Amino acid sequence: MARACLPRRVLSRKGENGIVLVVGGSWLYHGAPYLTAMAAMRTGVDLVYVAVPDKVATAIRAMTSSLIVLPLPDSKLTARSIDRMGRALDDATAAAVGPGLAKGCEKGLLKLVGHLSETGIPLVLDATALFADVLLRVSGRRCVLTPHAGEFKRLYGSDPGSEVEQRVDRVLEVSRLHKVVTLLKGPVDVVSDGVEAVVNRKPAIAAAMTVGGTGDVLTGIVAGFLAKKVPEMNAAVAGVYANGLAGVAAAQRKGLHITPEDVLEEIPLVLKKYDRVV
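These numbers were taken from a predicted model, which means no experiment stands behind them.

Cut-off values and rules
- Residues numbered from 1 in each chain as written.
- Predicted model: local features only at pLDDT ≥ 70, side-chain atom pairs only at ≥ 80, totals over all residues.
- Heavy atoms only, no water.
- Axes fitted to C-alpha atoms, helices over the stretch in contact; angles between N-to-C directions.
- Helix = DSSP H or I, 4+ residues; strand = E, 2+ residues; numbered from the N terminus.
- Parallel < 35°, antiparallel > 145°, perpendicular 65-115°, else oblique.
- Left-handed = near helix turned anticlockwise from the far one by under 90°.
- Contact = heavy atoms within 4.5 Å.
- Buried < 20%, exposed > 50% of the residue type's maximum accessible area, 1.4 Å probe, protein only.
- Pairing = 2+ DSSP bridges.
- Core = buried A, V, L, I, M, F, W, Y, C linked by side-chain atoms within 4.5 Å.
- Salt bridge = Lys/Arg side-chain N within 4 Å of Asp/Glu carboxyl O.
- Right-handed = clockwise from strand over helix to strand, strands pointing away.

Enquirer: Teacher, can you tell me more about the packing of helix α9 (residues 214-227) against helix α11 (residues 260-271) here?
Expert: In a pair of packed helices, the angle between the axes and the distance between the axes together describe the arrangement. Running from N to C, α9 and α11 cross one another at 30 degrees; their axes reach a closest spacing of 9 Å. Looking at the two axes, α9 sits roughly parallel to α11. Here the hand of the crossing between α9 and α11 comes out right-handed. Seen from α9, the contacting residues are Thr 214, Val 217, Ile 221 and Phe 225; seen from α11, they are Pro 260, Val 263, Leu 264, Ile 267 and Leu 271.

This is the structure:
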């Protein structure tokens, strides 16, 4: 965890500690990009842009004043919507793409992911952004892919298996082949860059984290670490560890009745012990 919690300069300025762009949302899933963005904010980055369809932008603005909300003109991610992101594409030091995005926007996703990866902005791809064609855009680039088992099959074309040993072998294999970092979510998380693999085992109380939205929180945590120039493997490993600790802390307070907002509240308490100002 300490490798992901970099020291902050006492004379640092706004923007120096990371700027995250979150692209996602749809008329059905306005909560996903909000949770991702707030999780990134809670890692200690300075600014978070949230690019969402116009029809849900007002709802997200009503939920918090901490985010910069960018209304997009179309209900799906299109070339016109990408053009509207303007300054955020230039400012971002990391991006999280996919949470809550409507299906059927593959062309827009490929354009956006291609632009971000070609300009060297580290990426976290989740949910709708995880499909096979995207691998051609991110291979060898700074990218963390965060599938659950079903998304893993859609992305890589095969099931990751049910046993931990099987999952480790599969995640190592696909990460090596495609030159990416893969974070396979589950009761036991598996992270690999194709060279090494890390397994994150959580206690039984973490079963509370099956509640919808905790994966969006994880995506935001990883994006926040990436925005602060943490290497992809370190960011992914620290992300699953921090997310797990926050989820367990929330469950210890509220049992099997937590919400993803409860997990958000615990993130600063998990990370605070690693704060350093130099």
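Enquirer: Explain the environment of Thr 58 here, please?
Expert: Mapping Thr 58 onto the fold places it in helix α2 (residues 54-63). Separated by 13 residues in the primary sequence, Thr 58 and Pro 71 place their C-alpha atoms 8.5 Å from one another.

Enquirer: I would appreciate a short explanation of the pairing of strand β8 (residues 188-192) in the present structure.
Expert: β8 sits mainly inside the fold: five of its five residues count as buried. Here β8 shows no split at all, with Val 188, Val 190 and Ser 192 on one side and Asp 189 and Val 191 on the other all buried. Looking at chain direction, strand β7 (residues 181-184) and β8 are connected through three bridges and run antiparallel. Within β8, the position partnered with Leu 184 by the bridge is Val 190. Between β7 and β8, which pair antiparallel one after the other, the connecting turn spans three residues. Note that β8 and strand β9 (residues 197-201) share five bridges and pair antiparallel. Each residue of the ladder has a partner; that of Ser 192, found in β9, is Ala 197.

Enquirer: Any chance you could explain the environment of Ser 158 here in plain terms?
Expert: Along the chain, Ser 158 turns up in the loop between α7 (149-156) and α8 (164-178). Here the alpha-carbon distance between Ser 158 and Glu 196, two residues 38 residues apart in the chain, equals 20 Å. What Ser 158 contacts, discounting residues up to four positions off in sequence, is Phe 152, Lys 153 and Arg 170.

Enquirer: Can you walk me through the nonpolar core in this structure?
Expert: The tendency in soluble globular proteins is for nonpolar side chains to be buried as a group. If you look at the biggest cluster of nonpolar residues, it comprises 54 residues, and the most contacted ones within it are Val 48 and Leu 67. Residue contributions to this core peak at 10 residues, all from helix α10 (residues 232-254). Sequence-distant contacts of Leu 67, defined by excluding residues within four places in its chain, comprise Tyr 34, Ala 37, Met 38, Met 41, Val 48, Val 50 and Ile 60.

Enquirer: Help me understand the side chain of Thr 36, please; the structure alone is not making it clear to me.
Expert: Following the sequence through the fold, Thr 36 ends up in helix α1 (residues 31-42). Residue classification places Thr 36 among the buried residues on the basis of a relative accessible area of 0%. Once residues within four sequence positions are removed from consideration, Thr 36 is found in contact with Val 22, Ala 96, Pro 99, Asp 216, Thr 219 and Gly 220.

Enquirer: Which parts of the structure should I look at to understand the pattern of salt bridges?
Expert: In a structure, side chains of opposite charge can pair up when their charged atoms sit close to one another. Inspection of every chain in the model, using the stated rule, returns 11 salt bridges. Residue Asp 126 pairs with Lys 185 through a salt bridge whose shortest N-O separation is 3.2 Å. Of this pair, Asp 126 sits in the loop between β5 (123-125) and α6 (135-138) while Lys 185 sits in the loop between β7 and β8; the two residues are 59 residues apart in sequence, bridging distant segments of the chain. In terms of burial, Asp 126 and Lys 185 fall into one category: buried. A salt bridge links Arg 142 to Glu 232, with the nearest nitrogen and oxygen atoms 3.2 Å apart. Placement of the pair is Arg 142 in the loop between α6 and β6 (143-145) and Glu 232 in helix α10, with a sequence separation of 90 residues. It is possible to trace a salt-bridge network through shared partners that takes in Arg 253, Glu 265 and Glu 266.

Enquirer: Just to check I follow, could you spell out the pairing of strand β2 (residues 47-53) for this structure?
Expert: Regular strands have side chains that alternate between both faces of the sheet. Across the seven residues of β2, six count as buried, placing the element largely inside the fold. Of the pairings in the sheet, the one linking strand β1 (residues 19-23) to β2 comprises five bridges and is parallel in character. Note that in β2 the partner of Val 23 across the bridge is Ala 51. The parallel pair β1 and β2 is bridged by α1, and the resulting crossover is right-handed.

Remember that the coordinates give geometry; whether it matters functionally is a separate question.
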